[in-house]
Amino acid sequence: MQEVQYGMRLVSTDGTAADVFADYPVSVCSKTGTAENSGNQADNLTFIAYAPADDPQIAVAVVLEHAGKKDYARQVAKAMFGQDCG
């Protein structure tokens, strides 16, 4: 379990969510995901996270249908964290 938590922390500091959470004032553990759609529909975005990393107080799961490949799901999670995890 410690390895999973460590990997999720790295996602937020050095990985696919670092652009949103690397400088966030609270440590965040997260996992990004993309569920591809067939045809001409944009991909679905998923993002799960919890914070603070060492004493979780809030968990967030975001699923955005047809959102493409942007950072929208990470931004939604960041807004949901707001001041609640500080």
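Presented here is a report on the structure given in the accompanying data block. Everything numeric in this text was worked out from a predicted model, so none of it was measured.

Counting residues in each nonpolar core, the largest one holds 18 residues, and the members touching the most others are Phe21, Tyr24, Val28, Phe47, Val60, Val62 and Phe81. For this core, the secondary structure elements donating two or more residues are α2 (18-21), β2 (44-51), β3 (58-64) and α3 (72-81). A per-element tally of this core places β2 first, with 4 residues.

Turning our attention to the pairing of β2. With 6 of 8 residues buried, β2 lies mostly within the body of the structure. When β2 meets β3, the two strands line up antiparallel, connected through 7 bridges. Paired with Thr46 across the two strands is Val63, which belongs to β3.

With respect to topology, 3 strands assemble into an open sheet ordered β1-β2-β3, the strand pairing being antiparallel. A strand with exactly one partner marks an edge of an open sheet, and here the two such strands are β1 (29-35) and β3. Averaged over neighbouring strand pairs, the angle between their axes works out to 5 degrees when direction is ignored. Seen against the sheet, helix α1 (residues 2-13) touches β1 and β2 and runs at an angle of roughly 75 degrees to β1. Along the sheet, α3 makes contact with β1, β2 and β3, crossing β3 at roughly 145 degrees.

Let us look at the pattern of salt bridges. By the definition in use, this model includes 1 salt bridge. With a shortest N-O distance of 3.0 Å, Asp19 and Arg74 are connected by a salt bridge. Separated by 55 residues along the polypeptide, Asp19 in helix α2 and Arg74 in helix α3 bring together distant segments of the chain. Judged by relative accessible area, which is 13%, Arg74 ranks as buried.

Right, let's get into the side chain of Ser12. Inspection of the secondary structure assignment puts Ser12 in helix α1. Among the residues examined, Ser12 registers a relative accessible area of 0% and is labelled buried. Within the structure, Ser12 has its side chain in polar contact with the backbone oxygen of Val28 (distance 2.9 Å). Reaching out from Ser12, the side chain makes a polar contact with the side chain of Ser30 at a distance of 2.7 Å.

A few words on unusual backbone geometry. Between Ala51 and Pro52 the backbone carries a cis peptide bond, its omega angle lying at -20 degrees. At His66, a position not held by glycine, the phi torsion is positive, near 55 degrees. Here His66 shows up in the loop between β3 and α3.

Basis of the calculations
Residues numbered from 1 in each chain as written. Predicted model: local features only at pLDDT ≥ 70, side-chain atom pairs only at ≥ 80, totals over all residues. Heavy atoms only, no water. Core = buried A, V, L, I, M, F, W, Y, C linked by side-chain atoms within 4.5 Å. Buried < 20%, exposed > 50% of the residue type's maximum accessible area, 1.4 Å probe, protein only. Helix = DSSP H or I, 4+ residues; strand = E, 2+ residues; numbered from the N terminus. Pairing = 2+ DSSP bridges. Axes fitted to C-alpha atoms, helices over the stretch in contact; angles between N-to-C directions. Contact = heavy atoms within 4.5 Å. Salt bridge = Lys/Arg side-chain N within 4 Å of Asp/Glu carboxyl O. Polar contact = N/O pair within 3.5 Å; in protein donor to acceptor, adjacent residues only side chain to side chain.

Scope: geometric values only; no functional claims are made or implied.
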